[in-house]
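Letter by letter, the chains look like this.
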There are 2 protein chains.
Amino acid sequence: MQGDTVIFKVLRGVRNAINFPRLRNPLHLVSPMDFSELKSVCCGCSIRELCLPAGLTDQEVLLLDQHMSHRQPIKKGESLYRTGDTFRSLYAVSTGFFKTSILHEDGRSQVTGFQMAGEILGLDAISTDRHICDAVALEDSVVCEVPFERFEELGQLMSNLQRRFNRTLSSEIVREQGIMLLLGSMRSEERLAAFLVNLAKRFSIRKQSGSELVLRMTREDIGSYLGLKLETVSRLLSRFHDEGLLDVHGRNIQILDQVGLNRLVGST
Amino acid sequence: MQGDTVIFKVLRGVRNAINFPRLRNPLHLVSPMDFSELKSVCCGCSIRELCLPAGLTDQEVLLLDQHMSHRQPIKKGESLYRTGDTFRSLYAVSTGFFKTSILHEDGRSQVTGFQMAGEILGLDAISTDRHICDAVALEDSVVCEVPFERFEELGQLMSNLQRRFNRTLSSEIVREQGIMLLLGSMRSEERLAAFLVNLAKRFSIRKQSGSELVLRMTREDIGSYLGLKLETVSRLLSRFHDEGLLDVHGRNIQILDQVGLNRLVGST
DNA sequence: CGATTGGTTGAGCCCATTCAACGAATGTGG
DNA sequence: CCACATTCGTTGAATGGGCTCAACCAATCG
């Protein structure tokens, strides 16, 4: 134990001596001309605190910003990446809406998630250096490309960034466990209610209405995500409508009874 | 772009100059007496390459070993941690078998995984600093406790370790996506077949028989994991037995027709 | 020894699926 | 501009896969 602490103090000393102080130096080394070329992307981004830069200082964000983020538009229906593509970058959704889905050998597919502003795409590819799912834009969108090799290097220099990223990865694990619970032990109406509640919550965090949802995905996408058939989703939406929980007009859904919907999920 | 590269070279230079060379120094600073107290744990571990130290050099493993791993026995039926416990450490299974499960408010629970030698427990807790599932030993087991704060510090100093850890987290995401596919779009017999094939594969990687399985979990555990009722699991095992795919004697299961089982899953 | 836990099997039921028809909206090319 | 195809969504009727309920057995444990 004693030996442990000694070594650790040394290690920590080394890290502190070099990591944080040097962190600022590189920026100072850049000529004024270079500085003028640096356009802040993340710094002025409205969803900064929902995204990778969450919890970083302005200085840190600036560093991340200039060396990492590369904005890129994606048209509705286009793929950001496909299964089998070699993995080079993570993508943070800036604006828009995506779905990710994995393919089974026999042609069946499973939607594994819907991503909106601030959420990260491609985390699953880190493990194998290849994308194992398809990411498709469900509306015209903009993503920030984050070259992963560089990001890892930056993580080594910014412990704060690395710590946040560990949390991002862990959150994705938690999210998926929630889906496992949903798929493994909820009935259809509970699944759909949970889905709508989750979507509403994520919209409202982003300062959008938490009761008026504009679905960007088809009934089939929802069904795949929830382990249901599209007809079942359609029927359930109609039933929720009849029961006064929702107002359903195609993809425009207004939540009329938030409490009733939550009761269905079982939480609260 | 030019500016990018300049700064990056500097950053990389800083890292290289301090990270790897210094890495060895702390050990040299320790007195001989301290050295004698250091017992290698991971270094001699038979599953080293399946566990956190995978891909590290001997020197790096030694460092990880001495400051991180703390072996700890867990009796069958005991909890390694419970939902709500504050998160301090990850645990690597050294020997034995665990299950993790999350609890729904209304009492329902969902088994989210079974962990065997070399697999890491607690990854989901990183996101919130609290454990969000229960981890229970299904047989007498030994785990290596890895205090996470220290591990993060070490990751900052060993880029290799950090990179591997990113992959570990990502692999867990991929694993869970596989379960989502299973729960969302497979029929009961496919699920059970996939489960058995996966279990057999993991046993055989660990130099154990890939055809003679000794299940450590109950039918109910399996059912929860696969989104089925225990009766369904029992019936399916009986059917597989009748069809000559398996030899089932309680928890001792021998796979008789590997090919037939794989055909059920749909892969190959 | 009874009590408890885990496993198997049967009978009937129900929820979600399958199959099918139809309508609305959108886009495309002549 | 219309005719046509395509995609998406809704709704009905019938089916069936997995669930519920229940009885029974085996192993383990106090």
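Residues numbered from 1 in each chain as written. Chains lettered and ligands numbered in written order. Predicted model: local features only at pLDDT ≥ 70, side-chain atom pairs only at ≥ 80, totals over all residues. Heavy atoms only, no water.

Engineer: Give a detailed account of the nonpolar core, specifying residues and quantitative values.
Structural biologist: Inside soluble globular proteins, nonpolar side chains tend to come together where they are buried. Counting 74 residues, the largest nonpolar core has Leu192, Phe195 and Leu246 of chain A together with Leu192, Phe195 and Leu246 of chain B as its most contacted members. Once residues within four sequence positions are removed from consideration, Leu246 of chain B is found in contact with Leu196, Leu237, Phe240, His241, Ile253, Gln254, Ile255, Leu256 and Leu261 of chain B. Listed in part, the 51 residues of the second largest apolar core include Cys51 and Leu64 of chain A together with Cys51 and Cys144 of chain B. (Core = buried A, V, L, I, M, F, W, Y, C linked by side-chain atoms within 4.5 Å. Buried < 20%, exposed > 50% of the residue type's maximum accessible area, 1.4 Å probe, protein only. Contact = heavy atoms within 4.5 Å.)

Engineer: Let's hear about the confidence of the model for chain A: which residues, and what values?
Structural biologist: Here chain A shows a mean pLDDT of 86. Residues at 70 or above account for 84%. When the criterion is pLDDT under 50, residues 1-38 of chain A qualifies, and its contacts beyond four places in sequence or with other chains add up to 51 contacts. (pLDDT = per-residue confidence, 0-100.)

Engineer: If you had to explain the domain arrangement of chain A to someone new, which residues and values would you point to?
Structural biologist: Accessible area lost during the coming together of the parts is what is often quoted as the interface size. All names here are of chain A. Its domain assignment divides chain A into domain 1 (2-180) and domain 2 (187-266). Contacts between domain 1 and domain 2 engage 17 residues on the former and twelve residues on the latter. Between domain 1 and domain 2 the total buried area reaches about 1,400 Å² when both faces are included, carbon and sulfur atoms providing 59% of it. Taken together, the links from domain 1 to domain 2 amount to four salt bridges. Along the contact surface separating domain 1 from domain 2 lie nine residue pairs in polar contact (both at pLDDT 80 or more). The set of elements that each furnish at least two residues to the side of domain 1 that touches domain 2 consists of β4 (97-103), β5 (109-116) and α5 (159-185). Among the elements that make up the side of domain 1 that touches domain 2, the one with the highest residue count is β5 (eight residues). (Domains from an automatic or database assignment. Buried area = accessible area lost by both parts, 1.4 Å probe. Salt bridge = Lys/Arg side-chain N within 4 Å of Asp/Glu carboxyl O. Polar contact = N/O pair within 3.5 Å; in protein donor to acceptor, adjacent residues only side chain to side chain. Helix = DSSP H or I, 4+ residues; strand = E, 2+ residues; numbered from the N terminus.)

Engineer: Give a description of helix α4 (residues 148-157) of chain B that names residues and reports values.
Structural biologist: The buried fraction of α4 of chain B is high, at eight of ten residues. Three or more residues of α4 of chain B are buried, namely Phe148, Phe151, Glu152, Glu153, Leu154, Gly155, Gln156 and Leu157 of chain B.

Engineer: Kindly report on the pattern of salt bridges, identifying the contributing residues and their values.
Structural biologist: On inspection of all chains with the given rule, the structure shows 27 salt bridges over all chains. With its nearest N and O atoms 3.0 Å apart, the salt bridge here joins Arg202 of chain A to Glu119 of chain A. Within this pair, whereas Arg202 of chain A is found in helix α6 (residues 188-205), its partner Glu119 of chain A is found in the loop between β5 and β6 (120-121), the two being separated by 83 residues in sequence. The exposure class assigned to Arg202 of chain A is buried, which follows from its relative accessible area of 13%. Across the salt bridge formed by Arg187 of chain B and Glu189 of chain B, the nearest N and O atoms sit 3.6 Å from each other.

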